[in-house]
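This is what each chain is made of:
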Amino acid sequence: MKHDDVCEVTCVDGEKVQRVKAIVTQQNTMAVSQIFKVLSDDTRIKIAYALTIEDELCVCDVANIVGSTTATASHHLRLLRNLGLAKYRKEGKLVYYSLDDDHVRQLIQIALEHHKEVKDHD
């Protein structure tokens, strides 16, 4: 079986490979992959996206937005928080979550924009 998306001959640019490899190995790609792993869940993406629309939401609001129990919403929010994607504050008996910083907001928005562009090109 022939594949059009694979080089037909081996031709390695050693200088380029060494330069890029040195840069890549200096990054903590495992930690970044964990961010994408957590965000690969549909419910967590919905929660993160909801937090790009509204700066802060209580756990009860999040549960209603995504159609889950408060326990389930809380579990997902905790996973986002443990990876530094979300933060929370307690006010009396309520717990409010928000995205940790603008980078997380941008990550979600860029992914959604990319999907829209890909869909529009089909």
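Computed from a predicted structure; not experimentally measured.

Chemist: How should I be thinking about the nonpolar core in this particular structure?
Modeler: Here is a general trend for soluble globular proteins: nonpolar side chains tend to be buried in one another's company. Judged by nonpolar contacts, the single largest core of 20 residues is most densely connected at Ile47, Leu51, Leu77 and Leu80. Sorting the residues of this core by element identifies α2 (29–39), α3 (42–53), α4 (59–66), α5 (70–82), β3 (94–99) and α6 (102–121) as the ones contributing at least two each. Beyond its immediate sequence surroundings of up to four residues, leucine 77 is in contact with Ile47, Leu51, Val59, Val62 and Tyr97.

Chemist: Looking at this structure, how should I read α4?
Modeler: Owing to its 3.6 residues per turn, the α-helix aligns residues three or four sequence positions apart on the same side. Restricting attention to buried positions, one finds in α4 the residues Val59, Val62, Ala63 and Val66. Looking straight down α4, one finds that the buried residues subtend no more than 100° of arc, so they occupy a single side. Buried-residue contacts for α4 involve α3, β1 (57–58), α5 and β3. Phi for glycine 67, located one or two positions after α4, is positive at around 75°.

Rules used in this analysis
Residues numbered from 1 in each chain as written. Predicted model: local features only at pLDDT ≥ 70, side-chain atom pairs only at ≥ 80, totals over all residues. Heavy atoms only, no water. Core = buried A, V, L, I, M, F, W, Y, C linked by side-chain atoms within 4.5 Å. Buried < 20%, exposed > 50% of the residue type's maximum accessible area, 1.4 Å probe, protein only. Helix = DSSP H or I, 4+ residues; strand = E, 2+ residues; numbered from the N terminus. Contact = heavy atoms within 4.5 Å. Arc of directions from axis to C-beta.

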